[in-house]
Protein chains: 2
Amino acid sequence: MQSINSYITEHKQRFLDELIELLKIPSISADSAYKSDVLKTADTIKTSLEKAGCDHVEICETEGYPIVYGEKIIDKNLPTILVYGHYDVQPPDPLDLWNSPPFEPVIQKTELHPEGAIFARGACDDKGQMYMHVKAMEYMTSNNELPCNVKFMIEGEEEVGSVNLAKFVASNREKLANDVILISDTGMIAKDVPSITTGLRGLSYVEVEVTGPNRDLHSGLYGGAVANPINVLTKMIASLHDENNHITIPGFYDKVENLSDAERAEMAKAPFSLDAYKKSLDIDAVYGEAGYSTNERNSIRPTLDVNGIWGGYTGEGAKTVIASKAYAKISMRLVPNQDWEDITQLFKSHFESIAPNGVKVKVTPHHGGQGYVTPIDSVGYKAASKAYEQTFGKTPIPQRSGGSIPIVSLFEQELKSKTILMGFGLDSDAIHSPNEHFGVWNYLKGIETIPWFYKYFTELKS
Amino acid sequence: MQSINSYITEHKQRFLDELIELLKIPSISADSAYKSDVLKTADTIKTSLEKAGCDHVEICETEGYPIVYGEKIIDKNLPTILVYGHYDVQPPDPLDLWNSPPFEPVIQKTELHPEGAIFARGACDDKGQMYMHVKAMEYMTSNNELPCNVKFMIEGEEEVGSVNLAKFVASNREKLANDVILISDTGMIAKDVPSITTGLRGLSYVEVEVTGPNRDLHSGLYGGAVANPINVLTKMIASLHDENNHITIPGFYDKVENLSDAERAEMAKAPFSLDAYKKSLDIDAVYGEAGYSTNERNSIRPTLDVNGIWGGYTGEGAKTVIASKAYAKISMRLVPNQDWEDITQLFKSHFESIAPNGVKVKVTPHHGGQGYVTPIDSVGYKAASKAYEQTFGKTPIPQRSGGSIPIVSLFEQELKSKTILMGFGLDSDAIHSPNEHFGVWNYLKGIETIPWFYKYFTELKS
């Protein structure tokens, strides 16, 4: 029977080619113009799961994009692993900052990836990391190495809030019953520093609209005499942080989990170079909440960021206009114990309350999700740790991620099982950014490591 | 010999048809995509001046769009009137707020215009008001009623700063020599309240760019740890006004002309209904600099307004991104004695100085112009006043406008003559806004009034 390593060596080129084909489909869930592409991607995933050896694969329709479900049950008495991933991707704009078209994948060598990296939207988040599991499954089934039962649940709305997945999970508890949930949609500290994500931030995403006069006005005839919605919006947004960059929304911090000095000291041990961080972003200084380190600011502390803003004349040249409306998209990253729906309501009430006379304000919640923390003494964590030791030759570091996978806390609530986040991406992969990429080495290392998790989890469970 | 009134009655339909044809050409000077349309408009103006009886008409090339010049010199010993206007228009967006396409003119009745109003971009600003002079000229030449010499100078870059006109004027003092400059590019208080604009605000228009990280970032992985250019831009813009809506740029008010209580009392006599003003804009309150009335805020006081802002994801749905860059277009309306180039420099220095660590700021001046005030005891003002008395049956009220015609102060400087601003538009004409229109009554009233100005100016000069 062939080892995973020799199997990868033999099939490496095909593993890359298959991923590249998958990356060519622009499955942008946020933009309805790509609906047919998103649906086409679901079909492609279905076929790939069948080829990988799943006995029963189906496209589960929802009110939005479908969920691809597949399973292979070898013995009801053996443990069951539920693999979650998503086949939708972030919008690729701004397009002009990509060095190659986002949906025409290319493999390029980089300083960090001398073996080459696949450049394309979704290369890492999450098509590449999701597909590692499909290929690991293929290895296990074709080499009679599958030690337990497995279920796949691959959705197409992760980048827009997983609203329909939540409904699907709540109404399919039996079908999805499992002993552990395995996800690769996070990163690791460095290629030589494996890590397991033990925490995720929650999210509340809202859109705000400020309306002043009922029509665009001439800034000469009306300038200075009526509320300019853009000026007002900037004042309102600016007021959401104080001089220490604390968020000023009343009640915002009430439920925030405060880590002990010991826990913060433990976190501070993770290798981190502020100089390298600043250099990689070409910034002369970091910026954030007073009293916290960079790694704390982007993991254990909640934040409020404007993700988009627009209003008035944004074309070439000049137009002396006072716009009737101004808009912003604002997201808040939340930490464990902050309820995203409570926070959304707090934001809405506060933002509406600070609107000056002369404008009307509308706050529209987009979506959100709860934060999540997982213990490091669970069977799943131990199995993952042993798998990394096997393939990296060192024990992985537990780390909190600043990102959000809204569905994870819901999994625990509905399915009563823990999620293990085995991420193989790097911060430098530029997910959600132009030139997103995923190292060929990382992709193959993921495929190599996953079967070991299956092995150790099954052993530790027995 | 036919009277102006009977001439208008006889040719009314043709006057409207000709203007409508002119309005069909999208001469948007701010957008280079419309270059051929802007040039076509210049040719149309040339032809119309020839038909109106000018002896010598030429297209004067510049580094930008051409200036159409035409003249009729009947006697070197008689006074000369220089008519200025512009054939370019503002961009029409937002297009979705127009009730009919901006370049497909339609005549519709409105509450204020029971005789109908022409709806189209440029209907009032300034194709309609400029064309009144062409038709008045046609009447005078075809009825042997032209009492003095006349020169026309119609440019195509007023909406983008008249940069090349300034050079043209400075290098053609002889050609443009005149006794008074006549412009219709302003408004009047109401159809039954004729007014003459005696002041204009200056303008400084800049574009700002804030750059944070060298690429768009995932707001989960980086949120809270790096300066978000949009959050920073909102803070910087918000700080430009204090709690009394005074502008905080050091030195900004140093040269601002302060009107005496008597002058302010005189201004306050102009008929104005705050309720009607709020109702027409559908706002529950006005907004502006503490200590000044609405009419003062938009005429004798300088202002700072954001005309456009953009950054990050502005498409459909949600994208959790921290943008690399954020932008805004900002214009300042200036009052007499404030030098626009000084103010532009003050803005640039201040805005760059308030940038926090972690971002880079770039300020690009677009264009600008000086404010202007004209005395009410000049021959030109008296002639205009008598002309309005003749056709409106009442004495016009002198009023300061909040708008800017940057070129006016330059005319006085280069050509040593005063400008008379005879405007026939109304604030409700929505210039620079969707559904710009110009009352048929106003259009014809302008054509009727202009020849009387020629008559009285020539008499008073002799």
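Not measured: the values here are computed from a predicted model.

**Focus: the UniProt feature "domain: Peptidase M20 dimerisation" (unreviewed entry) in chain A**
Per the UniProt record, "domain: Peptidase M20 dimerisation" (unreviewed entry) is annotated on residues 199-358 of chain A. When the span residues 199-358 of chain A is considered, its composition is 30% helix and 22% strand, and the gap between its end C-alpha atoms is 43 Å.

**Here's the deal with unusual backbone geometry**
Omega for the peptide link from D93 of chain B to P94 of chain B comes to 0°, which places this bond in the cis form. Mapping P94 of chain B onto the fold places it in the loop between β3 (80-86) and β4 (106-108). In this chain, D125 of chain B is followed by D126 of chain B through a cis amide linkage whose omega measures 0°. Considering the arrangement of structural elements, one finds D126 of chain B in the loop between β5 (117-119) and α3 (127-142). Unlike most non-glycine residues, N337 of chain A shows phi in positive territory, near 85°. Structurally, the position occupied by N337 of chain A is in the loop between β13 (325-334) and α11 (340-353). Judged by its relative accessible area of 54%, N337 of chain A is exposed. Positive phi outside glycine occurs at N435 of chain B, with the angle close to 60°.

**Overview of the interface of chain B and chain A**
Across the contact, 94 residues belong to chain B and 94 residues belong to chain A. Counting the surface lost from both chain B and chain A, the interface buries some 7,800 Å², and carbon and sulfur atoms represent 51% of this. Its largest share of buried area at the contact with chain A, chain B owes to Y287, I309 and K319 of chain B, together 9% of the area lost on that side. If you look at where chain B meets chain A, you find 2 salt bridges. Between D282 of chain A and K360 of chain B there is a salt bridge, with its nearest N and O atoms 3.8 Å apart. Linking chain B to chain A there are 54 residue pairs in polar contact (both at pLDDT 80 or more). Sorting elements by how many residues they give to the side of chain B that touches chain A places strand β11 (residues 303-312) of chain B first, with 10 residues. Here strand β11 (residues 303-312) of chain A pairs with β11 of chain B via 5 bridges, running antiparallel.

**Some remarks on the side chain of S219 of chain A**
Relative to the helices and strands, S219 of chain A resides in helix α6 (residues 219-222). Apart from the residues lying within four places of it in its own chain, the contact partners of S219 of chain A are T320, V321 and I322 of chain A together with R201, N307, S331 and R333 of chain B.

**A word on the sheet that holds strand β18 (residues 437-439) of chain B**
Residue and element names in this part refer to chain B. The 3 strands lie next to each other as β4-β5-β18, forming an open sheet whose pairing is antiparallel. Both outer strands of the open sheet, β4 and β18, are each paired with one neighbouring strand and no more. Averaged over all pairs of adjacent strands, the angle between strand axes in this sheet comes to 30°, irrespective of strand direction. In this sheet, β5 lies alongside β4 in antiparallel orientation, the contact comprising 3 bridges.

**Concerning the pairing of strand β7 (residues 180-183) of chain A**
Residue and element names in this part refer to chain A. Residues V180 and L182 of β7 are buried on one face, and the alternating residues I181 and I183, pointing to the opposite face, are buried as well. The sheet contact formed by strand β3 (residues 80-86) and β7 spans 4 bridges and is parallel. Within the sheet, the bridge partner assigned to I81 lies in β7 and is V180. As defined by bridge partners, β7 adjoins strand β17 (residues 419-421) across 3 bridges and the pair is classed as parallel. Pairing of L182 across the sheet is with I420, part of β17.

**Focus on the packing of α3 of chain B against helix α14 (residues 440-461) of chain B**
Any two packed helices are characterised by the angle at which their axes cross and by the distance between the axes. All names here are of chain B. Relative to each other, α3 and α14 sit at 55°, their axes nearing to 8 Å. The pairing of α3 with α14 is recorded here as oblique in orientation. The way α3 lies across α14 gives a crossing that is right-handed. Every residue of α14 that contacts α3 at G128, Y131, M132, H133, K135, A136, Y139 and M140 is listed here: N442, Y443, G446, I447, I450, P451 and Y454. Taken together, the residues of the contact of α3 with α14 break down into 10 nonpolar, 4 polar and 1 charged.

**Comments concerning the relation of the copies chain B and chain A**
Expressed as a screw operation, the relation of chain B to chain A combines 0.0 Å of axial shift with a rotation of 180°, fitting to an RMSD of 0.0 Å. On the angle and the small slide along the axis, the relation comes out as a two-fold axis. A share of 100% of the interface residues of chain B reappears at the interface of chain A, consistent with the copies meeting face to face through the same patch.

**Considering the packing of aromatic side chains**
Scanning the entire structure with this criterion turns up 28 aromatic pairs over all chains. An aromatic cluster of three or more residues is present, and its members are Y388, F392, F424 and W441 of chain A. Across the ring face of Y69 of chain A, the terminal group of K175 of chain A is positioned such that the distance to the ring centre comes to 4.7 Å. A cation sits over an aromatic face here: K445 of chain B above F392 of chain B, 5.4 Å from the ring centre.

**Some remarks on the pairing of strand β8 (residues 195-200) of chain B**
Residue and element names in this part refer to chain B. Of all 6 residues making up β8, 6 are buried, and the element is well covered by its neighbours. In this sheet, strand β15 (residues 372-373) lies alongside β8 in antiparallel orientation, the contact comprising 2 bridges. Note on β15: the bridge partner recorded for G199 is V373.

**Regarding helix α4 (residues 163-170) of chain A**
In an α-helix there are 3.6 residues to a turn, and that puts residues three or four apart on one side. All names here are of chain A. The set of residues buried in α4 consists of N164, L165, F168 and V169. Projected down its long axis, α4 shows its buried positions confined to an angular sector of 140°, all on one face. Looking at the buried residues of α4, the elements they touch are β1 (56-60), β2 (67-72), β3, β6 (149-155), α5 (173-176) and α13 (407-415).

**Structural notes on the pattern of salt bridges**
Here the structure, examined in full by the defined rule, presents 50 salt bridges over all chains. Note that K135 of chain B is salt-bridged to E18 of chain B, the shortest N-O span being 2.6 Å. One end of the pair, K135 of chain B, is in helix α3; the other, E18 of chain B, is in helix α1 (residues 4-23), with 117 residues separating them in the sequence. Given the relative accessible area of 22%, E18 of chain B is considered partly exposed. The partner of E459 of chain B in a salt bridge is K455 of chain B, with the nearest N and O atoms 2.8 Å apart. With a gap of 4 residues between them, E459 of chain B and K455 of chain B both fall in helix α14, about one helical turn apart. Since its relative accessible area comes to 34%, K455 of chain B is described here as partly exposed. The structure contains a network of salt bridges with shared partners spanning R14, E18, K135 and E138 of chain A.

So, how was this worked out
Residues numbered from 1 in each chain as written. Chains lettered and ligands numbered in written order. Predicted model: local features only at pLDDT ≥ 70, side-chain atom pairs only at ≥ 80, totals over all residues. Heavy atoms only, no water. UniProt positions renumbered as here; feature names shortened; annotations may be inferred. Helix = DSSP H or I, 4+ residues; strand = E, 2+ residues; numbered from the N terminus. Buried < 20%, exposed > 50% of the residue type's maximum accessible area, 1.4 Å probe, protein only. Contact = heavy atoms within 4.5 Å. Buried area = accessible area lost by both parts, 1.4 Å probe. Salt bridge = Lys/Arg side-chain N within 4 Å of Asp/Glu carboxyl O. Polar contact = N/O pair within 3.5 Å; in protein donor to acceptor, adjacent residues only side chain to side chain. Pairing = 2+ DSSP bridges. Axes fitted to C-alpha atoms, helices over the stretch in contact; angles between N-to-C directions. Parallel < 35°, antiparallel > 145°, perpendicular 65-115°, else oblique. Left-handed = near helix turned anticlockwise from the far one by under 90°. Nonpolar A, V, L, I, M, F, W, Y, C, P; charged D, E, K, R; others polar. Least-squares fit on C-alpha atoms with pLDDT ≥ 70 in both. Phe/Tyr/Trp six-rings, centres within 6.5 Å; stacked < 30°, edge-to-face > 60°. Lys NZ or Arg CZ within 6 Å of the ring centre and 35° of its normal. Arc of directions from axis to C-beta.

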